[in-house]
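Fold and geometry: a report
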Amino acid sequence: MNGTRLDRWTRRISPLVYLSNNWISRVGVALVSAAGVFWIFLIPSYLSGHAGSAYIGIVLFLALPSCFFLGLGLIPAGIYLRRRGLKKRGKPEHDGLPVLSWDNPDFRRLANFVGLVTMANIVMGANLSYRAVEHMDGVQFCGATCHTVMRPEYTAYQNSPHFRVECVKCHIGPGASWFVKSKLSGVSQVFHVAMGTYDRPVPTPIVDLRPARETCEACHWPDKYGGDKLRVITHFSDEGARTKTVLLMRIGGGSLSGAGIHTAHIGQGIRVRYAHSDNKRQTIPWVEYRRNGDVREFLAAKVNKGDISRMPVREMDCVDCHNRPSHTFEPPERALENAMARGEIAWDLPRIKKTALDILKKEYGGAREAEAEIGSAFEKFYRQQMPEVYGKRQPDIARSARGVLAVWQRNVFPEMKVTWGTYANNIGHNDYPGCFRCHDGEHKTADGARSIEQDCNTCHVMLAMEEASPKILQDLGVAEASPPSGSQ
Ligand code: HEC
Ligand code: HEC
Ligand code: HEC
Ligand code: HEC
Ligand code: HEC
């Protein structure tokens, strides 16, 4: 390089080196270096696009750049302040400055400082960014970091068949574009959580949820989850009898021809679109059914075609039926019966169902109040109203009291305004409209010749309906010879 040009360059830069020897600029240098190094360590996990890196984006595109630019701003700010300070004290700022060489102590100090900080950042960055990625991939981060906000979903999730599936596998899925989209909405969510301005309960459906076929089908191939499946549902009468309902669910495969629930809506060449008049998608006045070239339109009774054109239209996918694959909140009676069927509550205690339901349906101010009241109200009932039963079955009553409280804790979250029925489940039709949003026999083609089927054997074959010991289960050899008591 040309010697004189180098001289000129160092002469110009040396006042900066001299002036930047102040703590504000140093903090700036440290920030810039830290942000830069961490960024370089994190970018590979981001580019690899693996779905888990959900929140890395927030760090990569929000937190680190903020640090970087803050640092970048601090360097000249420090220089400016130092220069002003020197001027005030009447010190010359240029003259007599040593040239920029290793003999210059200012330069040496700056170079050492930058070197040390960068080394330290590399050591920390290599360790921390790996841990951070691991952490932010985790269910803990999604479910527990925003503790109150996500508590209902996280609690339900822990009791779901997807307990081993990370949140981001359904909420973001593979690939870069949805990842970036989720980052953008993630930023405003983080902001709302920080400010406490989020909606209670978290609104559902999630309007811009990724089309489910791109997420669910990473694990579930609808062709595979097909065929007929036996489903046994346990019920308990108010008198304390245990019964079974047995349904043969005609699930069908995604591309198989013939009948079946999956085949009918997501089979090959099939597209179902619908208009909904409410934002919960519970009222569906118009349905369009395409099968290869064939198009059918179904209109609910007493609906004006003109009104339909103003409603949002959605293409049906997995979550129009499976809208609670991982966050199932049950209505009180079903929740109670399921806990009784699992033996968490002794179902053969007299008057158990009504007693427990009354307690569950009461309103409690918060989780703490419920904890204090539910168990003791339950025990008190047996102690006062049925002292004989209480005397004989105290351990069962204590265990059941805990079971009733657990049912409440899994389904009601006053701090998020989530209570019985807040989140409808679209599978089935007994607890919520579900399938009958369309399959009510009232959605008809224009000529009235065809309706969306409500025949009771379209979706399932009813093999037994609330029977004490259904013959079909005996024939299959799965009926218990004599029902065990609810005590364990
Ligand atoms: C098996 C897939 C799956 C997994 C795993 C999953 N979710 Fe969801 N989540 C969904 C679906 C589907 C919805 C409802 C979408 C709709 O109705 O639009 C939902 C809805 C939500 C909602 C909106 C409120 C509501 O209840 O509808 C929140 C918040 C949420 N999930 C958080 C989480 C958290 C936190 C985790 C991990 C602990 C998680 N999810 C794991 C599929 C999943
Ligand atoms: C990362 C993999 C993965 C993803 C993504 C996933 N699931 Fe699952 N799903 C599973 C596993 C594992 C099970 C449990 C299988 C078992 O226990 O037999 C399961 C079970 C189920 C079941 C059966 C539940 C039951 O009670 O037997 C349904 C229905 C289901 N998933 C629907 C969905 C839907 C809808 C989505 C998308 C919103 C989805 N899954 C996304 C892995 C996944
Ligand atoms: C029209 C509603 C509907 C749609 C759309 C739908 N399912 Fe299902 N699915 C059901 C019903 C109903 C069942 C049976 C539930 C039961 O056993 O009670 C079921 C069962 C399942 C099961 C469990 C099968 C088994 O053998 O236990 C899985 C897994 C599943 N669905 C995944 C999916 C996926 C993935 C999609 C989207 C590609 C999808 N479903 C779309 C209604 C639907
Ligand atoms: C958005 C409206 C809509 C919803 C919700 C819906 N379906 Fe359907 N379903 C249809 C339409 C439309 C058809 C085709 C009707 C026709 O062509 O006759 C259909 C057809 C079917 C068929 C085939 C019927 C036959 O005659 O072979 C089955 C089985 C079925 N649905 C089951 C279900 C189940 C189970 C659910 C709930 C988990 C459900 N559907 C929810 C719109 C819907
Ligand atoms: C469009 C499909 C469809 C039609 C039509 C249909 N069902 Fe169902 N039914 C379902 C599904 C899906 C379930 C839920 C199974 C589950 O809980 O996963 C169900 C569950 C049930 C249950 C069990 C509820 C429980 O908790 O014990 C009964 C009983 C039942 N149906 C009766 C009927 C009767 C009676 C008819 C005729 C009026 C009918 N169904 C028509 C789809 C249908």
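The following refers to the structure shown.

For the rest of this paragraph, the subject is the overall build of the protein. Helix and strand content of the protein: 18 helices and seven strands. Out of the 488 residues in the protein, the part that is buried amounts to 40%. Within the protein, residue pairs in contact and separated by at least 24 positions form 66% of the contacts whose partners lie at least 6 positions apart.

What follows concerns the sheet that holds strand β1 (residues 228-236). Pairing within the open sheet is antiparallel, and its three strands lie in the order β1-β2-β7. Looking at which strands have only one partner, the edges of the open sheet turn out to be β1 and β7 (460-467). Ignoring strand direction, the axes of neighbouring strands in this sheet form an average angle of 10 degrees. Looking at chain direction, β1 and strand β2 (residues 242-250) are connected through nine bridges and run antiparallel. Residue Phe 236 lies in a different strand from β2, and its bridge partner there is Arg 242.

For a metal with four donors in a tetrahedral arrangement, the ideal angle between donors is 109.5 degrees, while six donors in an octahedron ideally sit at 90 or 180 degrees. For the iron atom of ligand 3, the protein coordination sphere consists of His 262 (NE2) and His 322 (NE2), at 2.0 Å. Classification of the site at the iron atom of ligand 3 rests on its six donor atoms, whose angles at the metal span 86 to 178 degrees, yielding the label octahedral. One end of the pair, His 262, is in helix α10 (residues 261-266); the other, His 322, is in the loop between α12 (318-321) and α13 (332-341), and 60 residues separate them in sequence. Residue classification places His 262 among the buried positions, given a relative accessible area of 18%. Residue classification places His 322 among the partly exposed residues on the basis of a relative accessible area of 37%.

Lining the immediate environment of ligand 5, one finds 21 residues, of which His 235, His 429, Cys 456, Cys 459 and His 460 sit closest. Arg 334 has a polar side-chain atom sitting 2.6 Å from an oxygen atom of ligand 5. Between His 460 and ligand 5, the recorded distance is 2.7 Å, taken from a side-chain N or O atom to a nitrogen atom. For the shell around ligand 5, the secondary-structure elements that each account for two or more residues are β1, β2 and β7. Class assignment for the residues of the shell around ligand 5 results in 10 nonpolar, seven polar and four charged.

Let us now look at the sheet that holds strand β6 (residues 313-315). Across the sheet, which stays open at both edges, the four strands sit in the order β5-β4-β3-β6 with antiparallel pairing between neighbours. The strands lining the two open edges of the sheet, one partner per strand, are β5 (294-299) and β6. The sheet shows a mean angle of 15 degrees between the axes of neighbouring strands, taken without regard to direction. Bridge count between strand β4 (residues 286-291) and β5: six bridges; the pairing is antiparallel. Each bridged residue has a counterpart across the sheet, and for Arg 291 the counterpart in β5 is Asp 294.

Protein ligation of the iron atom of ligand 5 involves His 429 (NE2) and His 460 (NE2), the donor distances falling in the range 1.9 to 2.0 Å. Between the six donor atoms coordinating the iron atom of ligand 5, the angles at the centre fall across 83 to 179 degrees, so the site counts as octahedral. Here His 429, found in the loop between α17 (394-411) and β7, pairs with His 460, found in strand β7; they are 31 residues apart in sequence, far enough to count as distant. For His 429, a relative accessible area of 29% gives the class partly exposed.

This next bit is on the site of ligand 2. Ligand 2 sits among Pro 161, His 162, Val 165, Lys 169, Cys 170, Thr 215, Cys 216, Cys 219, His 220 and His 322. Taking His 162, its side chain carries an N or O atom lying 2.7 Å from a nitrogen atom of ligand 2. Within the side chain of His 220, an N or O atom sits 2.7 Å from a nitrogen atom of ligand 2. Those elements that place two or more of their residues in the shell around ligand 2 are α7 (167-171) and α9 (212-216). Of the residues belonging to the shell around ligand 2, the class tally is five nonpolar, four polar and one charged.

By the definition in use, this model includes nine aromatic pairs. An angle of 90 degrees between the planes, with centres 5.9 Å apart, marks the rings of Tyr 364 and Trp 408 as edge-to-face. With a gap of 44 residues between them, Tyr 364 in the loop between α14 (352-361) and α15 (367-385) and Trp 408 in helix α17 connect regions that are remote in the sequence. Of the two residues examined, Tyr 364 and Trp 408, each falls in the buried class. Of the aromatic side chains, those joined through ring pairs into one cluster are Tyr 154, Tyr 157 and Phe 163. Here the guanidinium or amino end of Arg 26 rests over the ring plane of Phe 113, the centre of that ring lying 5.4 Å away. Its guanidinium or amino end placed over the ring of Tyr 198, Arg 200 lies 4.3 Å from that ring's centre, counting from NZ or CZ.

Looking now at the nonpolar core. Counting residues in hydrophobic clusters, the biggest one holds 31 residues, and the most contacted among them are Ile 345, Leu 349, Ile 374, Phe 378, Tyr 382 and Trp 408. Residue assignment for this core shows that the elements contributing at least two residues are α13, α14, α15, α16 (387-392) and α17. Looking at this core element by element, the count peaks at six residues for α17. Apart from residues lying up to four places away in sequence, Ile 345 is in contact with Leu 336, Ala 339, Met 340, Ile 352, Arg 399, Ser 400, Gly 403, Val 404 and Val 407.

The rules we used
Residues numbered from 1 in each chain as written. Chains lettered and ligands numbered in written order. Predicted model: local features only at pLDDT ≥ 70, side-chain atom pairs only at ≥ 80, totals over all residues. Heavy atoms only, no water. Helix = DSSP H or I, 4+ residues; strand = E, 2+ residues; numbered from the N terminus. Buried < 20%, exposed > 50% of the residue type's maximum accessible area, 1.4 Å probe, protein only. Contact = heavy atoms within 4.5 Å. Pairing = 2+ DSSP bridges. Axes fitted to C-alpha atoms, helices over the stretch in contact; angles between N-to-C directions. Donors = N, O, S within 2.8 Å, 3.2 Å for Na, K, Ca; no water. Tetrahedral: all angles 85-135°; square planar, octahedral: opposite > 155°, others 65-115°. Near = heavy atom within 4 Å. Polar contact = N/O pair within 3.5 Å; in protein donor to acceptor, adjacent residues only side chain to side chain. Nonpolar A, V, L, I, M, F, W, Y, C, P; charged D, E, K, R; others polar. Phe/Tyr/Trp six-rings, centres within 6.5 Å; stacked < 30°, edge-to-face > 60°. Lys NZ or Arg CZ within 6 Å of the ring centre and 35° of its normal. Core = buried A, V, L, I, M, F, W, Y, C linked by side-chain atoms within 4.5 Å.

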